[in-house]
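Structural features, examined
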Amino acid sequence: MKFKYCPICGGKLQEKYSYDEGGVPYCPVDDVMYFDTPTPCIIVAVIRDNMLLMLKQSYTFKNSNVLVSGYVNTGEIVEETVLREVKEETGIIAGQPKYLGSYYLDSKEIIMLTFMAHYESGEVIESEEVDWAGWICIDDALNEMAEDKIGKSVVKKVIEEIKNTNN
Ligand SMILES: [Zn+2]
């Protein structure tokens, strides 16, 4: 998002020249520069043996299963977001988050950070945010994710990771 007004005082921002960034919107009252930043979001494939933790959320994709995802909170490191979202959406305790790369969603100005993580403990307890949550065999997962392009690419990377670990 490109800032025009200061979110603190509501004043119109000026352009301030920052030598490595070019012109940046600036509030002279609060002395803050508002850099143009995308919203960070995580998506995670939690694995348990040959099973994958998946959800159904009809407000995102009607006919697909999806992976756990969510926005990074202020004051939180991204690895914490990964484990918190898994716990909040499914009740599962996961560990060993491993970063798998990122995608940029132009339409929503979201930077999507992709992860895999391992099941540690707990049983699936569906939160009110989801219509269904549970374990699906990794080999079947891709067939049930037709609408979720990023989720599919994450699952493909996880399959590669598992292959490399087993070799
Ligand atoms: Zn201000």
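Structure's up top.
Residues numbered from 1 in each chain as written. Predicted model: local features only at pLDDT ≥ 70, side-chain atom pairs only at ≥ 80, totals over all residues. Heavy atoms only, no water.

Focus: the packing of aromatic side chains
We describe a pair of aromatic rings using the distance from one ring centre to the other and the angle between the two ring planes. Short version of the rule: Between the rings of Phe, Tyr and Trp (Trp by its six-membered ring), a pair exists once the centres lie within 6.5 Å; its type follows the angle of the planes, with under 30 degrees stacked, over 60 edge-to-face, and the other angles tilted. Only lysine NZ and arginine CZ atoms are considered, and such an atom sits over a ring when it is within 6 Å of the ring centre and within 35 degrees of the ring normal.
The tally for this structure, following the rule as stated, stands at three aromatic pairs. Here the basic side chain of K16 rests over the ring of Y26, its NZ or CZ set 4.3 Å away from the ring centre. Directly above the aromatic system of W135 lies the positively charged group of R48, at a separation of 5.6 Å from the ring centroid.

A short note on unusual backbone geometry
To keep things clear, this is the line we draw: Working definition: helices are DSSP H or I runs of at least four residues, strands are E runs of at least two. Numbering for both runs from the N terminus.
At Q96, a position not held by glycine, the phi torsion is positive, near 50 degrees. You can see Q96 is positioned in strand 7 (residues 93-105). At E109, a residue that is not glycine, the phi angle is positive and equals roughly 50 degrees. Mapped onto the secondary structure, E109 falls in the loop between strand 7 and strand 8 (110-121).

Some words on the pattern of salt bridges
As a reminder, the rule being used: What counts as a salt bridge is simple: a side-chain nitrogen of Lys or Arg found within 4 Å of a carboxyl oxygen of Asp or Glu. Burial classification: accessible surface area is computed with a 1.4 Å probe over protein chains only, and a residue below 20% of its type maximum counts as buried, one above 50% as exposed, and the rest as partly exposed.
Under the definition given, this model contains five salt bridges. R84 is the salt-bridge partner of E76, the closest N and O atoms lying 2.5 Å from each other. Across the pair, R84 and E76 agree in class, each one buried. In this structure, R84 and E85 form a salt bridge, with 3.2 Å as the shortest nitrogen-oxygen distance.

What to know about the pairing of strand 4 (residues 39-48)
Stated precisely, the cut-off is as follows: The pairing criterion is simple: DSSP has to find at least two bridges between the two strands.
Of all ten residues making up strand 4, seven are buried, and the element is well covered by its neighbours. Note: strand 4 against strand 8, nine bridges, orientation parallel. Note on strand 8: the bridge partner recorded for V46 is A117. Alignment of strand 4 against strand 6 (residues 68-71), held across four bridges, turns out to be antiparallel. Following the sheet pairing, C41 is matched in strand 6 by Y71. Pairing of strand 4 with strand 5 (residues 51-56) involves two bridges; the strand directions are antiparallel. When the bridges of strand 5 are listed, R48 appears paired with M51. Here strand 4 folds back onto strand 5 in antiparallel fashion, the turn holding two residues, of which D49 has a positive phi close to 50 degrees.

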